[in-house]
There are 2 protein chains.
Amino acid sequence: MKLKMMYSFLNSDLKNIEQTLEETVNAESSLLHEASLHLLKAGGKRIRPVFVLLAGKFGTYDINKIKDVAVALELIHMASLVHDDVIDDAELRRGKPTIKAKWDNKVAMYTGDYIFARSLELITNIEKPCTHQILSNTLVELCIGEIEQIKDKYNFEQNIRDYFRRIKRKTAILIAVSCQLGAIAADVDDKVHQKLYRFGYYVGMSYQIIDDVLDFTGTEKELGKPAGDDLRQGNITLPVLFAMEDADIRKEIVKVRETTQQAEIERIITLIKSSGAIERSLKVSDQYLNKALDNLKDLPQNRAKKTLMDIAKVIGKRNF
Amino acid sequence: MKLKMMYSFLNSDLKNIEQTLEETVNAESSLLHEASLHLLKAGGKRIRPVFVLLAGKFGTYDINKIKDVAVALELIHMASLVHDDVIDDAELRRGKPTIKAKWDNKVAMYTGDYIFARSLELITNIEKPCTHQILSNTLVELCIGEIEQIKDKYNFEQNIRDYFRRIKRKTAILIAVSCQLGAIAADVDDKVHQKLYRFGYYVGMSYQIIDDVLDFTGTEKELGKPAGDDLRQGNITLPVLFAMEDADIRKEIVKVRETTQQAEIERIITLIKSSGAIERSLKVSDQYLNKALDNLKDLPQNRAKKTLMDIAKVIGKRNF
């Protein structure tokens, strides 16, 4: 079953969120407005809003209360993508030119800042102070994760713990917080929202590992960018770390630079695949997924729980 | 009298703020920590914290309550400077290498993001919801101001209204909000904090105009960067707009590009000076200053009021 089909019962609320996203980035400045809309229209799975809504279903679900949380989290995610693309010199995202490619790094920096500021405006509508604390901590972690990513680029000495810490900050926390804040907005009790947080955290870890595997197993068409692009950019991911345990493969990998030709990258991809690193990475992703599902066990049986389980499983098996 | 002497009675509180600034940017990541400290140690007048504290003196002044507001506003200001320097390709600030010069644009972007996120963490300590709303609106305005500045670069068709709108967003609002939030943190009543807001707003306008004049009248040593650098960067300020009313001078100015040699910039500075544009700009700055002082008239007589008046006057006459 396709991801979107699993939560089609949320469609009208998701449409509402999509509208609010558009309204929120609306700017007097035509440049800002155009750049923000470009980003918004480039799509995305809106997986964070989906998690917010589903977590809210465990409590007193009121779309008008929960909507701002969903929109704010998606905007924070979008803003971080724009700044990410500057860091990674990315020309394409989901097959479409990035803001930094269509305009330039400076416009990308300020569009990110702007979307981010707009999300903060929205957040002020949310009364619960703990929401603000959780979100600002999340932002600090996101920033530290990104700067660690800059620092760790082409650092072939890093270990698996560095990698896990980075993807935790870069991806897992924001998904965890999506579940947590959705639950908090719906007055779900502490024990349940802590379990939802952990569910989101483990799903996020699993999700990012799969993403990093896809960089090697996906086709250019599927990825919207050449295969192995993360590696060429110096992002040392789990499959790379596993593959480097083989001294001969390691020798080849450590030569990679931004200027490395695609043919050479393809050759290294073949080496990585032959090393068993892909299977090992997928196994780690599976372990995280199981931990995610474990955290749902004791939660009340409802449609939201079933959907969260289905989404987690699809994320674990996705090949897109 | 020197600016710092005017508020020496705030010294112990300002020292407290300085310490909190350092503690707040403390990061696990050594790169982030180093870059943030570099910025902090480069100094600055800390004029926003001073305004916060002085505004607080009109109410129930409690340094522990008001401190977070002061630190958060200074951090937001610092974060915006770091991103500014990326936009302006600035190599020097206050005579010291900028973060983008010492590291690069990417590190500057994320250091700005990080300082900014840290300021948000602090803000969550402040209980009053209106503080959060005011701050997030301010951030949106700051971003719009910056993006307008990018858009208006080398746009010699813009008018004085464009300029005023830009400096309002870029400078005046943050100073206005410093006064306002300091007052709110000290439970000053609405009428008084609105007057303080307007005082800050007009001081901010006056301050930025003087800043823009100094780009032409200051020496390289005073400015910490070559004279006329704003113009070379394409920032069309009030003296430039006034000077361009003379068709002959306009013809010379519109040729300016980033690559224009310093000798040519110096020649244009002489033209601008000869046009009377400097005096006219200073007069406008004076008018704003008078409006600022007007807003203090009806406030209770106290040391803070006298100090605000003194600071405003020094800002209006500053040549540093």
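Residues numbered from 1 in each chain as written. Chains lettered and ligands numbered in written order. Predicted model: local features only at pLDDT ≥ 70, side-chain atom pairs only at ≥ 80, totals over all residues. Heavy atoms only, no water.

Let's shift gears to the overall build of chain A. In terms of helices and strands, chain A carries 17 helices and two strands. Computed over the C-alpha atoms, the radius of gyration of chain A is 19 Å, within 12% of the 20 Å expected from 2.2 N^0.38 for a compact globule of 320 residues. Referenced to the eigenvectors of the C-alpha coordinate spread, the extents of chain A come out at roughly 55 × 50 × 35 Å. Burial status across chain A gives 61% buried among its 320 residues. A sequence separation of at least 24 residues applies to 76% of the contacts in chain A between residues at least 6 apart. Summed over all atoms, the accessible surface of chain A reaches about 13,100 Å², with 49% contributed by carbon and sulfur. (Helix = DSSP H or I, 4+ residues; strand = E, 2+ residues; numbered from the N terminus. Rg over C-alpha atoms; globule rule 2.2 N^0.38 Å. Buried < 20%, exposed > 50% of the residue type's maximum accessible area, 1.4 Å probe, protein only. Contact = heavy atoms within 4.5 Å. Areas by Shrake-Rupley, 256 points an atom, 1.4 Å probe, with all protein chains shown as cover.)

Turning our attention to the relation of the copies chain A and chain B. Mapping chain A onto chain B calls for a rotation angle of 180° and an axial translation of 0.0 Å; the resulting RMSD is 0.0 Å. On the angle and the small slide along the axis, the relation comes out as a two-fold axis. Using C-alpha coordinates, one finds that chain A approaches the rotation axis most closely at Met109(A), a distance of 3.5 Å. Interface overlap between copies: 100% of the residues of chain A at the interface are likewise at the interface in chain B, consistent with a symmetric, same-surface contact. (Least-squares fit on C-alpha atoms with pLDDT ≥ 70 in both.)

Within the secondary structure, Glu74(A) is located in helix α5 (residues 63–87). Apart from the residues within four sequence positions on either side, Glu74(A) is in contact with Leu21(A), Arg46(A), Arg48(A) and Pro49(A).

Taken residue by residue, chain A gives an average pLDDT of 90. The fraction at 70 or more is 98%. Across chain A, element-level confidence peaks in helix α13 (residues 238–243) of chain A with a mean pLDDT of 98 and bottoms out in strand β1 (residues 92–93) of chain A with 78. (pLDDT = per-residue confidence, 0-100.)

Glancing now at the interface of chain A and chain B. Chain A puts 38 residues into the contact, and the matching count from chain B is 38 residues. For the chain A and chain B pair, buried surface summed over both sides reaches about 3,600 Å², with 71% attributable to carbon and sulfur atoms. Summed over the three residues of chain A that lose the most area to chain B, namely Lys106(A), Tyr110(A) and Ile147(A), the buried surface amounts to 19% of that side. Linking chain A to chain B there are zero salt bridges. At the junction of chain A and chain B, the tally comes to two residue pairs in polar contact (both at pLDDT 80 or more). Put simply, the parts of the chain that give the side of chain A that touches chain B at least two residues each are α3 (30–41), α5, α7 (105–123) and α8 (129–151) of chain A. Of the residues that constitute the side of chain A that touches chain B, the class distribution is 17 nonpolar, 10 polar and 11 charged. (Buried area = accessible area lost by both parts, 1.4 Å probe. Salt bridge = Lys/Arg side-chain N within 4 Å of Asp/Glu carboxyl O. Polar contact = N/O pair within 3.5 Å; in protein donor to acceptor, adjacent residues only side chain to side chain. Nonpolar A, V, L, I, M, F, W, Y, C, P; charged D, E, K, R; others polar.)

This model, assessed by the stated rule, comprises 42 salt bridges over all chains. The structure contains a network of salt bridges with shared partners spanning Glu252(A), Lys255(A), Glu264(A) and Arg267(A).

On to the environment of Ile66(B). Residues and elements named next belong to chain B. Checked against the element boundaries, Ile66 lands in helix α5 (residues 63–87). In sequence terms Ile66 and Gly56 are 10 residues apart; their C-alpha atoms lie 7.3 Å from each other. If we skip the residues at most four places from it in the chain, Ile66 touches Val52, Leu53, Gly56, Tyr61, Gly182 and Ala185.

Take the packing of aromatic side chains next. Per the stated rule, a full pass over the model turns up 11 aromatic pairs over all chains. Their ring planes at 85° and their centres at 6.0 Å tell us that Phe51(B) and Phe199(B) sit as a pair that is edge-to-face. Note that Phe51(B) is positioned in helix α4 (residues 47–56) and Phe199(B) in helix α10 (residues 190–217), a separation of 148 residues in sequence. Judged by its relative accessible area of 0%, Phe51(B) falls in the buried class. What links up through ring pairs into an aromatic cluster is the set Tyr163(A), Phe164(A), Tyr201(A), Tyr202(A) and Tyr288(A). The ring centre of Tyr61(A) lies 3.7 Å from the NZ or CZ of Lys57(A), which sits over that ring. Sitting above the plane of the Phe9(B) ring, Arg303(B) keeps its charged end 4.0 Å from the centroid. (Phe/Tyr/Trp six-rings, centres within 6.5 Å; stacked < 30°, edge-to-face > 60°. Lys NZ or Arg CZ within 6 Å of the ring centre and 35° of its normal.)

Let us look at α7(A). All names here are of chain A. The terminal C-alpha atoms of α7 lie 27 Å apart, and with 19 residues this matches the ideal 27 Å at 1.5 Å per residue to within 8%. Among the 19 residues in α7, 17 count as buried, and that is most of the element. Its side-chain oxygen placed 3.0 Å from the backbone nitrogen of Lys106, Asp104 serves as the N-cap of α7. (Expected span 1.5 Å × (residues − 1).)

The next thing to look at is the side chain of Ser136(B). Position of Ser136(B) among the secondary structure elements: in helix α8 (residues 129–151). A relative accessible area of 3% means that Ser136(B) is categorised as buried. Within polar-contact distance, the side chain of Ser136(B) engages the backbone oxygen of Gln133(B) at 3.1 Å. In this view, Ser136(B) contacts Ala117(A), Leu120(A), Glu121(A) and Thr124(A); residues no more than four positions away in its chain are not counted.

What follows deals with the packing of helix α3 (residues 30–41) of chain B against helix α7 (residues 105–123) of chain B. Residues and elements named next belong to chain B. The interhelical angle for the contact between α3 and α7, taken along N-to-C directions, is 80°, at an axis separation of 10 Å. Compared by their axis directions, α3 and α7 come out roughly perpendicular. Residue-level inspection shows Leu31, Leu32, Ala35, Ser36 and Leu39 of α3 in contact with α7, the latter providing Val107, Tyr110, Thr111, Tyr114 and Ile115. Split into classes, the residues belonging to the contact of α3 with α7 amount to eight nonpolar, two polar and no charged. (Axes fitted to C-alpha atoms, helices over the stretch in contact; angles between N-to-C directions. Parallel < 35°, antiparallel > 145°, perpendicular 65-115°, else oblique.)

Each pair of packed helices can be summarised by the angle the axes make with each other and by the distance between the axes. Residue and element names in this part refer to chain A. Relative orientation of the contacting elements helix α2 (residues 11–25) and helix α4 (residues 47–56) amounts to 130°, with a least axis distance of 11 Å. Classed by the angle they form, the pair α2 and α4 counts as oblique. Judged by the sense of rotation from one axis to the other, the crossing of α2 with α4 is right-handed. For the pair α2 and α4, contact is made by Asp13, Leu14 and Ile17 and by Pro49, Val50 and Leu53, respectively. Of the residues in the contact of α2 with α4, the class split is five nonpolar, no polar and one charged. (Left-handed = near helix turned anticlockwise from the far one by under 90°.)

Of note, the phi angle at Arg46(A) is positive, near 55°, even though the residue is not glycine. Here Arg46(A) shows up in the loop between α3 and α4. Despite not being glycine, Asp187(B) shows a phi value in the positive range, around 55°. With respect to the helices, strands and loops of the structure, Asp187(B) is situated in the loop between α9 (160–185) and α10. For Asp187(B), a relative accessible area of 49% puts it in the partly exposed group.

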